[in-house]
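Inside the fold
Each chain, letter by letter, is given below.
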Amino acid sequence: MFTLTFLGTSASVPSAERNHPALLVEAAGQRILVDCGEGTQRQLLRSGAGFRRLDRILLTHGHLDHVLGIPGLFSTLRLRQSSDVMTIHGGADTLDIVIRMLAGIWGEGRAPIPVEFAALTEGRFIEAGEFTIDCFPVRHRDTDSFGFVFQSPARRHLLSDRLAALGVPDGPLRGELAQGRPVVIGDRTIDPEDVLGPPGGGKKLVVIGDTETTDGLSKNTADADMLVIEATFLDRDAATARDYGHLTAAEAAAFAAANNVKQLVLVHMSGRYLDDEILTEAAKVFPNTRIAADFDHIVI
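What you see is a predicted model, and the numbers here were worked out from it, not measured in a lab.

**Quick look at the sheet that holds strand E14 (residues 264–267)**
A sheet is described by the order of its strands in space; here seven strands give the open sequence E7-E8-E9-E12-E13-E14-E15, paired in mixed fashion. What marks the edges here is a single partner per strand, and that holds for strand E7 (123–127) and strand E15 (289–291). Strand-to-strand, the axes of this sheet are offset by a mean angle of 20 degrees, without reference to chain direction. Running at roughly 165 degrees to E15, helix H10 (residues 275–285) makes contact with E14 and E15 of the sheet.

**As for the packing of aromatic side chains**
All told, the structure shown has four aromatic pairs when counted by the stated rule. Taken together, a centroid distance of 6.1 Å and an interplanar angle of 70 degrees make the contact between Phe2 and Phe150 edge-to-face. In this pair, Phe2 is assigned in the segment before strand E1 (3–8) and Phe150 in strand E9 (residues 145–152), connecting sequence segments 148 residues apart. On the basis of relative accessibility, which here comes to 0%, the residue Phe2 falls in the buried class. An aromatic cluster is defined as three or more aromatic residues linked by ring pairs; in this entry it consists of Phe2, Phe131 and Phe150.

**Quick word on the pairing of strand E3 (residues 30–34)**
Among the five residues that make up E3, four are buried, leaving the element largely enclosed by the rest of the structure. Note that strand E2 (residues 22–27) and E3 share five bridges and pair antiparallel. Bridged to Val25 within E3 is Ile32. Relative to strand E4 (residues 54–58), E3 runs parallel, the two being bridged by three bridges.

**Observations regarding the side chain of His268**
As for its position among the elements, His268 is in the loop between E14 and H10. Classification of His268 as buried rests on a relative accessible area of 5%. A polar atom in the side chain of His268 sits 3.2 Å from the side chain of Asp210. Setting aside its immediate chain neighbours within four residues, His268 contacts Thr9, Ser10, Ala11, Ser12, Pro21, Asp65, His66, Asp210, Glu230, Ala231, Thr232 and His246.

Here is what the cut-offs are and how they apply
- Residues numbered from 1 in each chain as written.
- Predicted model: local features only at pLDDT ≥ 70, side-chain atom pairs only at ≥ 80, totals over all residues.
- Heavy atoms only, no water.
- Pairing = 2+ DSSP bridges.
- Helix = DSSP H or I, 4+ residues; strand = E, 2+ residues; numbered from the N terminus.
- Axes fitted to C-alpha atoms, helices over the stretch in contact; angles between N-to-C directions.
- Contact = heavy atoms within 4.5 Å.
- Phe/Tyr/Trp six-rings, centres within 6.5 Å; stacked < 30°, edge-to-face > 60°.
- Buried < 20%, exposed > 50% of the residue type's maximum accessible area, 1.4 Å probe, protein only.
- Polar contact = N/O pair within 3.5 Å; in protein donor to acceptor, adjacent residues only side chain to side chain.

Without other data, these values stay purely geometric and don't point to any function.
What follows is the structure, encoded as C-alpha cells:
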C-alpha cells in the first residue's frame, strides 16, 4: 500500500492555491519526499504530515521550482534537532546543483543536518523489503531527469476453506505454510501449494516529473495502478508545450490509455487554464483521470 500526499501541484509559477512541486509517499513506515519546491516545509505542516521520519528526498530533476525548498527544510530540521541522515537521490547534474546551492548558504561541504547524496543510474536503487523503488531516465530539456517506480510485491494468502478441509489448526502451522514451508499433521504432509491462493495485492505507482515526451517510458509505466505525471499545457498549445519541454493533458491521457494504467493523476498545473478545462481534455481520452490539488490524500 502506498499513501500519497500532494504538497505542491503547480507548474513553475505558484498560485494562491497551488505550491511548487512536492509529493510525499508513505509505505511500510517510511516517508519519502519526491521533489522539494519552495515552501514545501510549510506544506508539510499544513497537511498534518509534519517532519517525523522524513529522511529521504528523490529529485526528478534540478530545475529550481523542484529543489528550492531544500535549504528551508534543512534549516527547520536543524532547529528541531533532527539526528536522522537525509539522503538525497537525483541525477549527477541535479545533485551538483543542490550541493552548490547548499554550499552558497552554509559553505562548501557543510549543511545544517547530516546529508548524503546518492547519484541515480537507471534501475533499482531502494530495496526496502515491503517495497522497491526503481528509476528510469526522462527527457526534459537539458536536465538529467528521472521518473520513479514504487512497487510492492504481490503476495499469496492462505485459503481458509482449504485449511479447514485439511484440518490445519490456527497457530504456528498456518504461519509455516504462509511462509512457503510444508507442515506435517499426523501422518500427512501438507504442502503450501495445497492451501495458498493465487498472487495478489501487489501495487505499482509511477511518478514522472516534467517531461517533453513519453517516448521510451512505456516499459516502466505499463500496468501501473496509478500514474502521476505532469500536464502543463492543453492540446491547443501543443507547440508551446514542445518549446518548453512539457506535455499536454491529452498526451498524458493517451499515454495512460496505451499502457493499461488504472488511474491517472495530473500535476504541474498551469495557472493559464481552469482545472475543468484540463480534466475535460484528459478525460475524453482516459476517463479515470483526476487533477491533483494541494493536500489531496490518495491511498493505493
